[in-house]
Amino acid sequence: MPAVRRFVALSAFLAAAAPAGAQMALPLKHAPARTQTAITPADLMTRLYLYSDDSMMGRLAGSEYNLKATAYIASEVKRFGLQPAGDSGGFFQNVPLVKRQLDASASLAVDGAALRPWDDFVPRDPVVATRSFDGAQVVYAGVLGDSTQLTGEQAAGKFIVLGVRRGPNLPPTAQMNRGALLAKYRGAAGIAVVALETFPPQAINFFRQPQTILKDGMPSDTTTLPVYVYVNASGARTLLGAAMDSVRPGTPGKTVHGSVVFSETPAPARNVVAILPGRDPTLRGEYVAIGAHNDHVGFDHDAVDHDSIRAYNDAVRKLALASPTQRVTPDQVLQIHVNVDSLHRLHPVRRDSIYNGADDDGSGTTAVLEIAQAFAGAKVKPKRSLLFVFHTGEELGLFGSQYYTDHPTVPRDSIVAQLNMDMVGRGRSDDENGGGPGYIQLIGTRRLSTELGDLIETVNKARKQPFTFDYQYDASGHPEQYYCRSDHYMYARYGIPIAFFTTGNHRDYHQVTDEPEYIDYDKLAHVAQFVYDVASAVANLDHRVVVDKPKPDPHGNCVQ
Ligand SMILES: [Zn+2]
């Protein structure tokens, strides 16, 4: 599941806790052994230690490591004898991602004096085209929020410099809504917000990272927007030709020259798509889709101390579980002290920089592989066909599932339901309140089809060890937004009934510590077998599950 960015507290802790030492490189001792047809904890462990090994370097979509990870998946579904359902008869569906970064030619100058990119000015990438500002008149627009601030009309065609009031209760970042400013000053030639000093270095680093987007040939957006940059006080003075506090709103400054464009390079990424044809000549034209995401967030250049990070996040998680309705405050976080020395008496320092994503979503990916192998080896195949889709680019914005459902390789309306697994290998009592062997969270199971939700309950009741369903994250408007935050939503938006299975959050979420050694393999096998049974039930129904709820707008915003 894509994460919410947080810069401050963790970075301070990282800097403090990362003594020098050996890198944490686990040898690839789990070579792909023959796995049996049945869904077993041992097979899941074999697969997951391989799929989330350091050598996969965190499987970031758009990197060679995502290609490596998807090659493993494709070789397995081929080995099971499934039908390829990707591009041109293969198992891969290429997803057109591109990496966007500031072009080396970018410049911002007045009177020949150039502002330095990333030092004096930091551009933000609007992803759509920006109009030229070369030769535009700089104008001081006043202070954000003041009544004297220039209007959109007054700023039309101008390169405006906008001040931001500072103060303890007025953190500048809280005031600056880039979307709102771009809307207000849509007609300007450029917008320079004087707030560069307010961003911590990690934020500038984040802005500097190439941004990967999905470029899928949908009619390209012809909108052009003004360039949007953050500048520091000296940059503002250069643009205005005077100190900001010596000029009034509307005062003209210098003539600005240059261009700020972002160049694009293709970023390799692919979904893996395979089909198990159904046994019923009529119903095999309908599909039950089963999915997970094959990517994760990659690796960092700086290593950290695995165990002290884990101890630290464990403390944060305990605080979160102790008061689930409140966010953990920065003050609480600052109170956390980890006795690193005692930790290192237990473990020699393990430096770690790779986001292995064992649970996110190695657990889902290996569960789908086990389910596919079990169905492929089953004597009696289900009536309807099964469509296995391993989505890429989920962490970047649900790109693989967006592309697959916009460009499905089977008729979209022949997909009767989609079962999505994302993070299904944890959910112990110290991971989630109420966690344990039978704990699972269900999201979206009745959002389009009451029948699907009921059917899942029925399948569960028939089990020797029924699960305990936690539906709290399915609540309308729930702040965690799980209904909108994983691949199932890309199917639901087209009116396809979905069920999202997850064992929930934990201290290793989007951390370098999300390792295969912390996975509950019995639980994972239990979840995979459950999803197998749900898929069987849906695939063998004498009718397709009934959609009895309104269908959303496929291109509208998701509503939790
Ligand atoms: Zn995920």
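> Outline the pairing of strand β16 (residues 270-276), listing residues and values.
Buried residues dominate β16, accounting for seven of its seven residues. Burial along β16 is two-sided: Arg-270, Val-272, Ala-274 and Leu-276 and Asn-271, Val-273 and Ile-275, pointing in opposite directions, are all buried. Bridging between strand β1 (residues 83-84) and β16 involves two bridges; their strand directions are antiparallel. Pairing of Pro-84 across the sheet is with Ala-274, part of β16. The sheet contact formed by strand β2 (residues 92-94) and β16 spans three bridges and is antiparallel. When the sheet's bridge partners are listed, Asn-94 is paired in β16 with Arg-270.

> Describe the nonpolar core, with residues and values.
Membership of the largest hydrophobic core comes to 64 residues, with the highest contact counts inside it found for Ile-371, Phe-388 and Phe-501. In terms of residue count, helix α16 (residues 521-539) provides more of this core than any other element does, 13 residues in total. Setting aside chain neighbours within four positions, we find Phe-501 in contact with Leu-419, Asn-420, Met-421, Asp-422, Val-424, Ile-440, Gln-441, Leu-442, Ile-456, Phe-530 and Val-531.

> Let's hear about the packing of helix α14 (residues 450-461) against α16: which residues, and what values?
Between α14 and α16, the least distance of the axes is 10 Å, while the angle of their chain directions is 125 degrees. One finds that α14 runs oblique with respect to α16. Considering the relative orientation of α14 and α16, their crossing is right-handed. Residues Leu-452, Leu-455, Ile-456, Val-459 and Asn-460 of α14 lie in contact with α16, whose contacting residues are Phe-530, Asp-533, Val-534, Ala-537 and Val-538. Partitioning the contact of α14 with α16 into residue classes produces eight nonpolar, one polar and one charged.

Definitions and cut-offs
- Residues numbered from 1 in each chain as written.
- Predicted model: local features only at pLDDT ≥ 70, side-chain atom pairs only at ≥ 80, totals over all residues.
- Heavy atoms only, no water.
- Buried < 20%, exposed > 50% of the residue type's maximum accessible area, 1.4 Å probe, protein only.
- Helix = DSSP H or I, 4+ residues; strand = E, 2+ residues; numbered from the N terminus.
- Pairing = 2+ DSSP bridges.
- Core = buried A, V, L, I, M, F, W, Y, C linked by side-chain atoms within 4.5 Å.
- Contact = heavy atoms within 4.5 Å.
- Axes fitted to C-alpha atoms, helices over the stretch in contact; angles between N-to-C directions.
- Parallel < 35°, antiparallel > 145°, perpendicular 65-115°, else oblique.
- Left-handed = near helix turned anticlockwise from the far one by under 90°.
- Nonpolar A, V, L, I, M, F, W, Y, C, P; charged D, E, K, R; others polar.

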